[in-house]
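Architecture at a glance
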Amino acid sequence: MIFITARFRVLPQHADDWPDITRAFTLATRDEPGCLWFDWARTVDDPAEYLLTEAFRDDEAGSAHVSSAHFAAACAELPSYLAETPRIVNVTVPQDDWSLLGEMAVPDNR
């Protein structure tokens, strides 16, 4: 799968509205057949920073995503709400879902 995480520093006046601002893009991406997940989280240390964690089944699904009309629309619209260019990590990993964090395993008998 292609695993991507990106940091979005939003202009402070738009930080609280970011989930609504990105809603159409988020929902359209989640509806893509090759999208495994597409999740936003707000950081604890900076309320104007959001982290996006996304994954796509394979290179074909990733290409379909960046070729989509909703991706083009997001690229045109979202920068006006940002304080800086987002930073990204994009890797291909040999799995298709989250792995368990064994070092913090929760006992079955809870």
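The structure this text deals with has already been given above.
Here's a quick rundown of the structure. Predicted, not measured: the structure shown is a model, and the values here were computed from it. (Residues numbered from 1 in each chain as written. Predicted model: local features only at pLDDT ≥ 70, side-chain atom pairs only at ≥ 80, totals over all residues. Heavy atoms only, no water.)

1. Re the overall build of the protein
Helix and strand counts for the protein stand at four helices and four strands. For the protein, the sequential pattern of α-helices and β-strands runs β-α-α-β-β-α-α-β. If one aligns the C-alpha atoms of the protein with their principal axes, the spans along those axes are about 50 × 35 × 20 Å. Burial statistics for the protein: of 110 residues in total, 31% are counted as buried. Here the contacts in the protein between residues at least 6 apart in sequence split such that 72% fall between residues at least 24 apart. Accessible surface, the protein: about 7,300 Å² in total, of which carbon and sulfur atoms supply 56%. One way to put it: in the protein the 8 positive side-chain charges average out to a point 5 Å from where the 19 negative ones average out. (Helix = DSSP H or I, 4+ residues; strand = E, 2+ residues; numbered from the N terminus. Buried < 20%, exposed > 50% of the residue type's maximum accessible area, 1.4 Å probe, protein only. Contact = heavy atoms within 4.5 Å. Areas by Shrake-Rupley, 256 points an atom, 1.4 Å probe, with all protein chains shown as cover. Lys, Arg positive; Asp, Glu negative; His and termini not counted. Charge placed at Lys NZ, Arg CZ, Asp CG, Glu CD.)

2. A short note on the environment of L52
When you line up the elements, L52 lands in strand β3 (residues 49-56). Sequence separation between L52 and L78 is 26 residues, and the spatial gap between their C-alpha atoms is 14 Å.

3. Some thoughts on the nonpolar core
In this structure, F8, W18 and L78 are the most contacted members of the largest nonpolar core, which totals 17 residues. Of all the secondary structure elements, the ones that give two or more residues to this core are β1 (2-9), α1 (18-21), β2 (35-42) and β3. For this core, the leading source of residues is β1, giving four residues. Once residues within four sequence positions are removed from consideration, W18 is found in contact with F8, V10, W40, Y50, L78, Y81 and L82. (Core = buried A, V, L, I, M, F, W, Y, C linked by side-chain atoms within 4.5 Å.)

4. Some details on the sheet that holds β1
Reading across the sheet, the four strands line up as β2-β3-β1-β4 and stay open at both edges, with antiparallel pairing between neighbours. Edge positions in the sheet fall to β2 and β4 (87-92), since each has one partner strand and no second. Averaged over all neighbouring strand pairs, the angle between strand axes comes to 10°, with direction disregarded. Looking at chain direction, β1 and β4 are connected through six bridges and run antiparallel. (Pairing = 2+ DSSP bridges. Axes fitted to C-alpha atoms, helices over the stretch in contact; angles between N-to-C directions.)

5. Points about the layout of surface pockets
Estimates place the volume of the largest pocket at around 390 Å³. Along the walls of the largest pocket sit 21 residues, with F8, F25, E54, F71 and I88 positioned nearest its centre. Counting only elements with at least two residues in the lining of the largest pocket, the list comes to β1, β3, α3 (59-66), α4 (69-77) and β4. With four residues, β1 is the single largest residue contributor to the lining of the largest pocket. When its residues are assigned to classes, the lining of the largest pocket shows 16 nonpolar, three polar and two charged. (1 Å grid on protein atoms, 1.4 Å probe; cavity = no way out; pocket = protein on both sides within 12 Å on 5 of 7 lines; lining within 4 Å. Points joined across faces, edges and corners; volume = space filled by probe spheres on them. Nonpolar A, V, L, I, M, F, W, Y, C, P; charged D, E, K, R; others polar.)

6. What about the environment of E77?
Within the secondary structure, E77 sits in helix α4. For the pair E77 and L101, spaced 24 residues apart in sequence, the C-alpha separation works out to 37 Å.

So far we have only geometry, and geometry alone does not tell us how the molecule works.
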